[in-house]
Amino acid sequence: MGNVASAMSMSLDGFVTGPNVSREYPLGEGGEILHDWLGPTATPADRAVLQEMVDGAGAILMGRRSYDICVGEGGWGDGGPAGDVPCFVLTHKPPAEAPKVFTFVTDGIESAVKQAKAVAGDGTVGVHGATAAQQALAAGLLDEIHVHLVPVLLGDGVRLFDLLGGAPVNLNRNRVIEAGSGVTHLRFEVVR
């Protein structure tokens, strides 16, 4: 069975979006700079990191807010953040209709991870969004944290590790790639 990993671009001050996240600004105002490394300025190292994530994706787990902001025309279209890769959305109330790539889970993070892992097989369950990552980490279900550290201070937005609470979480850093684009790709294993 594959692992459960969160992979997000993050500013040096810990933000994964800018402020005022909306349908118009899915990365918040000014937050698009966090994904510049995915575009024309990408180096071969950046592209290799991205390809590794794409090739390993077996399922995606996300929160309802990410779904509402990004699904459909002007967003992901009828796919999820990784196209046709199955997506499991944590929610209290599923929508009446949704693209077929989405499954809505109303009974918590444990159930969502279990369902996503069953579909992913040996592939990775990619956790999309700060809140979903924090829930998986708090439940002891997150195996890895991938941070694509962007050399910018956003000053405001959504922080990746804002709501952890409780005891410290120990990590083993098992990869550092300085891509040449300014972005440093970090991978950590969650110590249990």
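Everything below is about the structure shown above.
Residues numbered from 1 in each chain as written. Predicted model: local features only at pLDDT ≥ 70, side-chain atom pairs only at ≥ 80, totals over all residues. Heavy atoms only, no water.

The next subject is the overall build of the chain. Scanning the chain for helices and strands turns up four helices and ten strands. Taken from the N to the C terminus, the helices and strands of the chain come in the order β-β-α-β-α-β-β-α-β-α-β-β-β-β. For the chain, whose C-alpha radius of gyration is 16 Å, the value lies close to the compact-globule estimate of 16 Å for 192 residues. Judged by the C-alpha coordinates and their principal axes, the chain covers about 45 × 40 × 30 Å. (Helix = DSSP H or I, 4+ residues; strand = E, 2+ residues; numbered from the N terminus. Rg over C-alpha atoms; globule rule 2.2 N^0.38 Å.)

This part is about the sheet that holds strand S7 (residues 144-150). Taken in spatial order, the eight strands of this open sheet run S5-S4-S3-S6-S1-S7-S10-S9, and their pairing is mixed. The open sheet has two edge strands with one neighbour each: strand S5 (102-105) and strand S9 (171-178). Neighbour-to-neighbour, the strand axes of this sheet turn through a mean angle of 25°, independent of strand direction. Alignment of strand S1 (residues 4-11) against strand S6 (residues 124-128), held across three bridges, turns out to be parallel. Across the sheet, the residue bridging to Val4 is Val125, located in S6. (Pairing = 2+ DSSP bridges. Axes fitted to C-alpha atoms, helices over the stretch in contact; angles between N-to-C directions.)

To continue, consider the nonpolar core. Among the nonpolar cores identified, the biggest contains 28 residues, and Leu61, Val125, Val127, Leu142 and Leu160 are the most heavily contacted of them. Where this core is concerned, the elements lending two or more residues are S1, strand S3 (57-63), strand S4 (87-90), helix H3 (109-120), S6, helix H4 (130-138), S7 and strand S10 (184-190). Beyond its immediate chain neighbours, meaning those up to four positions away, Val127 contacts Val4, Ala5, Ser6, Ala7, Met8, Leu61, Ala132, Ala133 and Leu142. Among the nonpolar cores identified, the runner-up in size contains ten residues, and Val71, Val85, Cys87 and Val89 belong to it. (Core = buried A, V, L, I, M, F, W, Y, C linked by side-chain atoms within 4.5 Å. Buried < 20%, exposed > 50% of the residue type's maximum accessible area, 1.4 Å probe, protein only. Contact = heavy atoms within 4.5 Å.)

Tracing the backbone through its elements, the reader meets Asp13 in the loop between S1 and strand S2 (15-17). For Asp13, which is buried and forms no salt bridge, the nearest opposite charge comes from Arg159, at a distance of 5.6 Å. For Asp13, the side chain forms a polar contact with the side chain of Ser11, separated by 2.5 Å. Among the polar contacts listed, one links the side chain of Asp13 to the backbone nitrogen of Gly155, at a separation of 2.7 Å. (Lys, Arg positive; Asp, Glu negative; His and termini not counted. Salt bridge = Lys/Arg side-chain N within 4 Å of Asp/Glu carboxyl O. Polar contact = N/O pair within 3.5 Å; in protein donor to acceptor, adjacent residues only side chain to side chain.)

Before going further, it helps to spend a moment on the environment of Leu142. If you trace the backbone, Leu142 turns up in the loop between H4 and S7. With 52 residues separating them in the primary sequence, Leu142 and Leu90 have C-alpha atoms 15 Å apart. Excluding residues that lie within four positions of it along the chain, Leu142 makes contacts with Val4, Ala5, Ser6, Val127, Ala133, Ala136, Leu137, Val190 and Arg192.

The next thing to look at is the pattern of salt bridges. Enumeration according to the criterion identifies three salt bridges in this entry. Between Asp68 and Arg64 there is a salt bridge whose closest N-O contact spans 2.9 Å. Placement of the pair is Asp68 and Arg64 together in helix H2 (residues 64-70), with a separation of four residues, close to one helical turn. Residue Asp68 is classed as partly exposed on the basis of its relative accessible area of 41%.

Each regular strand carries side chains that alternate between the two faces of the sheet. Taken across its seven residues, S10 has six buried, putting it largely inside the fold. As judged from the six bridges shared by S7 and S10, these two strands associate in the antiparallel manner. Residue pairing across strands places His148 opposite His185, the latter belonging to S10. Relative to S10, S9 runs antiparallel, the two being bridged by seven bridges.

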